[in-house]
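# Observations on the model geometry
Listed here are the chains, written in short residue letters.
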Amino acid sequence: DTLIWLWSIYIFLNIFQAFLLAVHGMSIFDALCHAFGTVSTSGYSTLNASVGGFNSAYVDWVTIIFMALGGVTFVLFYQIAKGDWEQVKVNTEFHWYLGFLLFFCTAVSLILYKNEVYPGFFECLRFGTFQVVSILTTTGFTTADYELWPQAAQMFLFVVCFVGACAGSTTSGIKVVHYV
């Protein structure tokens, strides 16, 4: 029964993301391919320029949300689906994961803003958050050439490579639980 629940959650996340992307005007094929590449945190894109090829803030933010969800342990999704919301409150690894996301996304975005890499704070937040979440979850999607960013932002991205996401998620790499 648990396996069926976990597969159902995984399929639901993929279909929901594909729907959100298709509603915005992305082809069904591209929407499905990017949804499967996002939730699985495999990062496969139909475009050479990855998600950046769509040049859309909407696509970026939807992808950010689902990459982040792909980094959450699927056991937590299972517990939520079963109505046990208390687990969200007490799951230490999940809290640390959110903390890492918040810290690194804020730090990189502020560095981009301070150095006027993009026009306006929200553009800096968009591009900075996308790259941090993509690297933290080991997805590998890109929207910008972050090698052109200030060295301070690059150093934060380098550190993110050594964090990873939650154990029991679709991500690879070192897991947050090891730091906790």
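Residues numbered from 1 in each chain as written. Predicted model: local features only at pLDDT ≥ 70, side-chain atom pairs only at ≥ 80, totals over all residues. Heavy atoms only, no water.

## Comments concerning the side chain of His34
- Relative to the helices and strands, His34 resides in helix H2 (residues 28–39).
- In this structure His34 comes out as buried when scored by relative accessible area, which is 2%.
- Only 2.8 Å separates the side chain of His34 from the backbone oxygen of Asp30, close enough to count as a polar contact.
- Setting aside residues up to four positions removed in sequence, His34 forms contacts with Gln17, Leu21, Met26, Tyr44, Ser45, Thr46, Val51, Phe54 and Phe141. (Helix = DSSP H or I, 4+ residues; strand = E, 2+ residues; numbered from the N terminus. Buried < 20%, exposed > 50% of the residue type's maximum accessible area, 1.4 Å probe, protein only. Polar contact = N/O pair within 3.5 Å; in protein donor to acceptor, adjacent residues only side chain to side chain. Contact = heavy atoms within 4.5 Å.)

## Re the nonpolar core
- Ranked by internal contacts, the top residues of the largest apolar core, which has 48 residues, are Tyr97 and Trp149.
- Looking at this core, the elements that each hand over two or more residues are helix H1 (2–23), H2, helix H3 (57–70), helix H4 (74–81), helix H6 (92–114), helix H7 (121–136) and helix H8 (151–160).
- In terms of residue count, the dominant contributor to this core is H6 (nine residues).
- Not counting chain neighbours up to four residues away, the residues in contact with Trp149 comprise Val108, Leu112, Val117, Tyr118, Phe127, Gly128, Gln131, Ala144, Gln154 and Leu157. (Core = buried A, V, L, I, M, F, W, Y, C linked by side-chain atoms within 4.5 Å.)

## A few points about the state of the cysteines
- For the structure shown, the criterion picks out zero disulfides.
- For the unlinked cysteine Cys105, the closest cysteine sulfur is that of Cys124, found at 13 Å. (Disulfide = S-S within 2.5 Å.)

## Some remarks on the packing of H6 against H8
- Contact geometry for H6 and H8: axes closest at 9 Å, N-to-C directions at 165°. When the interaxial angle is binned, H6 and H8 end up roughly antiparallel. The crossing of H6 and H8 is left-handed. Here Phe103, Phe104, Ala107, Val108, Ile111 and Leu112 of H6 lie close against H8, whose contacting residues are Ala152, Ala153, Phe156, Leu157, Val159 and Val160.
- Among the residues making up the contact of H6 with H8, the classes are represented as twelve nonpolar, no polar and no charged. (Axes fitted to C-alpha atoms, helices over the stretch in contact; angles between N-to-C directions. Parallel < 35°, antiparallel > 145°, perpendicular 65-115°, else oblique. Left-handed = near helix turned anticlockwise from the far one by under 90°. Nonpolar A, V, L, I, M, F, W, Y, C, P; charged D, E, K, R; others polar.)

All we've got here are geometric facts, nothing functional implied.
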